[in-house]
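Fold and contact review
Listed below are the residues making up each chain.
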Amino acid sequence: MDILGLGSKVDADFILDPKGQRKQVDVKIDETKRSSQYVYYNGEDVAGTVQIKLKKNSKVEHQGIRLEFVGQIEMLSDRSTIHEFTNLTKLLAFPGELTENVSMDFDFLNVEKPYESYMGINIKLRYFLRLTIIKRFSNNVFERDICVQQLSQYPEINNSIKMEVGIEDCLHIEFEYNKSKYHLKDVIVGKIYFLLVRIKIKHMEIAIIKKESSGTGPNIYAENETIAKYEIMDGAPVRGESIPIRLFLAGYDLTPTMKDIQRKFSVRYFLNLVLIDEEERRYFKQQEITLWRKQDKDKDKTKQSTKQYAHFERPNAANQSEENGSGTNATDNSPATEVVSSENKSDAFSD
Amino acid sequence: MATIDADNRREIARLPTRPISLEDRYDPPANFLEIEILNPETHGFGNKRYTDYEIRMKTNLPVFRIKECSVRRRYSDFEWLRRELERDSKIVVPSLPSKAWKRQVPAFLRRDDGIFEDEFIEERRKGLEQFINKVAGHPLAQNERSLHVFLQDTTIDYDKYVPGKVRNS
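Residues numbered from 1 in each chain as written. Chains lettered and ligands numbered in written order. Predicted model: local features only at pLDDT ≥ 70, side-chain atom pairs only at ≥ 80, totals over all residues. Heavy atoms only, no water.

Cut-off, in case you're wondering: UniProt positions are given in the numbering used here, feature names are shortened, and annotations may be inferred rather than shown by experiment.
Per an unreviewed UniProt entry, chain B goes by the name Sorting nexin-3 and belongs to Rotaria socialis. Comment text from UniProt for chain B, heading Sequence similarities (unreviewed entry), reads "Belongs to the sorting nexin family."

By the naming in an unreviewed UniProt entry, chain A is Vacuolar protein sorting-associated protein 26, taken from Rotaria socialis. Chain A has a UniProt comment under Sequence similarities (unreviewed entry) that states "Belongs to the VPS26 family."

**A short note on the UniProt feature "domain: PX" (unreviewed entry) in chain B**
The following threshold applies: Think of it this way: any DSSP run of H or I at least four residues long counts as a helix, any run of E at least two long counts as a strand, and we number them from the N terminus.
As recorded in UniProt, the feature "domain: PX" (unreviewed entry) lies at residues 31-157 of chain B. For the annotated span residues 31-157 of chain B, helix accounts for 32% and strand for 22% of the residues, and the straight-line distance between the end C-alpha atoms is 29 Å.

**Some details on the pairing of strand 18 (residues 221-234) of chain A**
All names here are of chain A. Quick reminder of the rule: Here, any two strands with at least 2 DSSP bridges between them count as paired.
Bridging between strand 17 (residues 201-214) and strand 18 involves twelve bridges; their strand directions are antiparallel. Bridging from a neighbouring strand, Ile 209 pairs with Thr 226 of strand 18. As consecutive antiparallel partners, strand 17 and strand 18 are separated by six residues, and within that stretch Gly 215 has a phi angle of approximately 90 degrees, a positive value.

**Side note on a negative patch on the surface**
The criterion, for reference: Patch rule: a residue counts if its relative accessible area is over 30% and it has no salt bridge; like charges are joined within 9 Å, and nonpolar side chains (Val, Leu, Ile, Met, Phe, Trp, Tyr) within 5 Å. Accessible surface area values rest on a Shrake-Rupley calculation with a 1.4 Å probe, where residue burial reflects the displayed protein chains alone. Throughout this description, the term salt bridge denotes a Lys or Arg side-chain nitrogen within 4 Å of a carboxyl oxygen of Asp or Glu. When charges are counted, Lys and Arg contribute as positive and Asp and Glu as negative, whereas His and the chain ends are disregarded. Working definition for charges: the position is that of NZ of Lys, CZ of Arg, CG of Asp or CD of Glu.
On the surface, A:Asp30, A:Glu31, A:Glu225 and A:Asp253 cluster together to form a negatively charged patch. With respect to the helices, strands and loops of the structure, A:Glu31 is situated in the loop between strand 2 (24-28) and strand 3 (34-40).

**Here's the deal with the state of the cysteines**
The following threshold applies: In what follows, a disulfide is any cysteine sulfur pair within 2.5 Å. Relative accessibility under 20% of the residue-type maximum defines a buried residue, over 50% an exposed one, and the middle range a partly exposed one, all with a 1.4 Å probe and only protein chains included.
Applying the stated criterion across every chain, the model contains zero disulfides over all chains. Of all cysteine sulfurs, the one in A:Cys170 lies closest to B:Cys69, which takes part in no disulfide; the gap is 18 Å. By relative accessible area, B:Cys69 is classed as buried at 11%.

**Description of the sheet that holds strand 9 (residues 102-108) of chain A**
All names here are of chain A. To keep it simple, the criterion reads: Simply put, an axis is a line fit to the C-alpha atoms, just over the touching stretch for a helix, and the angle between two N-to-C directions goes from 0 to 180 degrees.
Strand order across the open sheet formed by three strands is 1-4-9, with antiparallel pairing between neighbours. The open sheet has two free edges, formed respectively by strand 1 (10-15) and strand 9, since each of these has just one partner strand. Adjacent strand axes in the sheet meet at a mean angle of 20 degrees, parallel and antiparallel pairs treated alike. Where strand 1 and strand 4 (residues 46-54) come together, six bridges link them in antiparallel fashion.

**Here we look at the packing of aromatic side chains**
The relation between two aromatic rings is expressed through the spacing of the ring centres and the mutual angle of the planes. Rule in force here: When two rings of Phe, Tyr or Trp (its six-membered ring) have centres within 6.5 Å they constitute a pair, described as stacked for plane angles under 30 degrees, edge-to-face for angles over 60, and tilted for the intermediate range. Note on criteria: charge over ring means Lys NZ or Arg CZ within 6 Å of the ring centre, with the direction from the centre no more than 35 degrees off the ring normal.
Enumeration over the complete set of coordinates arrives at twelve aromatic pairs over all chains. Seen from their ring centres, A:Phe85 and A:Tyr127 are 5.6 Å apart, and the 85 degrees between their planes marks the pair as edge-to-face. In this pair, A:Phe85 sits in strand 7 (residues 81-93) while A:Tyr127 sits in strand 11 (residues 123-133), placing the two residues 42 residues apart along the sequence. Classification of A:Tyr127 as buried rests on a relative accessible area of 0%. Between the aromatic rings of B:Trp80 and B:Tyr161, the centroid separation amounts to 4.9 Å while the plane-to-plane angle is 80 degrees, which identifies the pairing as edge-to-face. Of the two residues, B:Trp80 is situated in helix 2 (residues 75-88) and B:Tyr161 in the segment after helix 4 (145-152); the sequence distance between them amounts to 81 residues. Taken individually, B:Trp80 and B:Tyr161 each receive the classification buried, so the pair is uniform in this respect. Three or more aromatic residues link up through ring pairs in this structure, and these residues are A:Phe69, A:Phe85, A:Phe106, A:Phe108, A:Tyr115 and A:Tyr127. Between the NZ or CZ atom of B:Arg124 and the centre of the ring of B:Tyr75, over which it lies, the distance is 3.8 Å.

**Some words on the confidence of the model for chain A**
Caution applies to low-pLDDT parts of the model: their predicted coordinates are not meant to be read in detail. Definition in use: Confidence scores per residue from the predictor, reported as pLDDT, run from 0 to 100. Only heavy atoms matter for contacts: two residues are in contact if any of them lie within 4.5 Å across the pair.
Looking at chain A as a whole, the pLDDT averages 84, with 83% of positions reaching at least 70. Predicted confidence for residues 301-351 of chain A stays below pLDDT 50, and this span has 102 contacts to residues more than four positions away or in other chains.

Structure representation (structure tokens):
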């Protein structure tokens, strides 16, 4: 995406993938706009060609043409503070004059891209190329964003989450989720077991909540977003009943868990289990899960943007053994009973 | 959407569950609580009248000492309960049906019988029934002595009453 000023004499374009080998993704820039960006991984070169086009019969005198590779964190709440954590610069041209269209090759070698690109509510972490044609009064600046994805391996340890929670003498449940770390196309498999039901439950739902927090010390700014909500039970359960949970993550707009990035922000995910009774009182239990990005099995290097599918593809035999090799499913059965809190303002359960 | 063939996909198959006993499945549920407000009666004569209602309660919740009871209460008793709960419990107490001040204007200024009209009493009865069911089903309200006194004591002894908490028997 290039910034084209009205009546500007210059335009520039970035050619990053002449052979059509690189994957692209559809990225949400803001509420209404989406754009297609090339995907890069940590350590990869960022190379290509910059094409500068001039309006017919015009000349541009300049003090140098500079190309930067920038990685930055933008915090919208803090008066749009920008924190640059990566800046690589190349001088593409010494001061001179442009009289005709020109193409300039560039190659940033083995570029470190330590974090994943992230477009959030209050935080934007982006990587982009910035071309600056330095002039006496005002520069011409052109930017092109790329999308960096961070891949992880299957975690060595991936215990299930199993806990008994409740309100004394009123409601006791035991919930279990099959893993604590899920990849973005994983399936959450779990169950809720009712130990004591003395309230009149109407239905139960599970939600995925994203918590984006930024700032440190006294200025912590948090944004919560409900990414998904899914009813898992309709009606009143009795003691001894088990309710299954199966939630496919691939259908939702999720990112990997990001903890304390450059000590500026975190993005964490929680499963929120909510029981609603006949008087609309809500009883809930939030549990953090870790999300991570797995390498796509799809080796197809066509230029199609990757789409998220809701159904789960059958893994092939090789991948099956990979999944079996992931950590033991030790259950974490904490003996203490945790209090289920109510999020309805009309109830003041202590946590 | 194609049906999910969980048998062939071991990794998304349901977690193993404990079987439920026949008793648990078919016994009356442990959350049985029914409160009805019935039989409004107006007592007294002239401007010394008042209306009270029967509160019939049936439950199997262990927190309530008596499993079936019937008491008579008037609107001011409900107001007392609401005040006690507002002060002592941590819940936001639902509101009562209105006090109806306009209807309490002297009889000669009204065309009807004010708060002793059948229609009004029925409306109030419904509102009180909603109120008491909402409150009695709230786990935090069930720990308040005022609720138990209100529902289960034959009469509320305002002199002897002391606020407090109720623990499960």
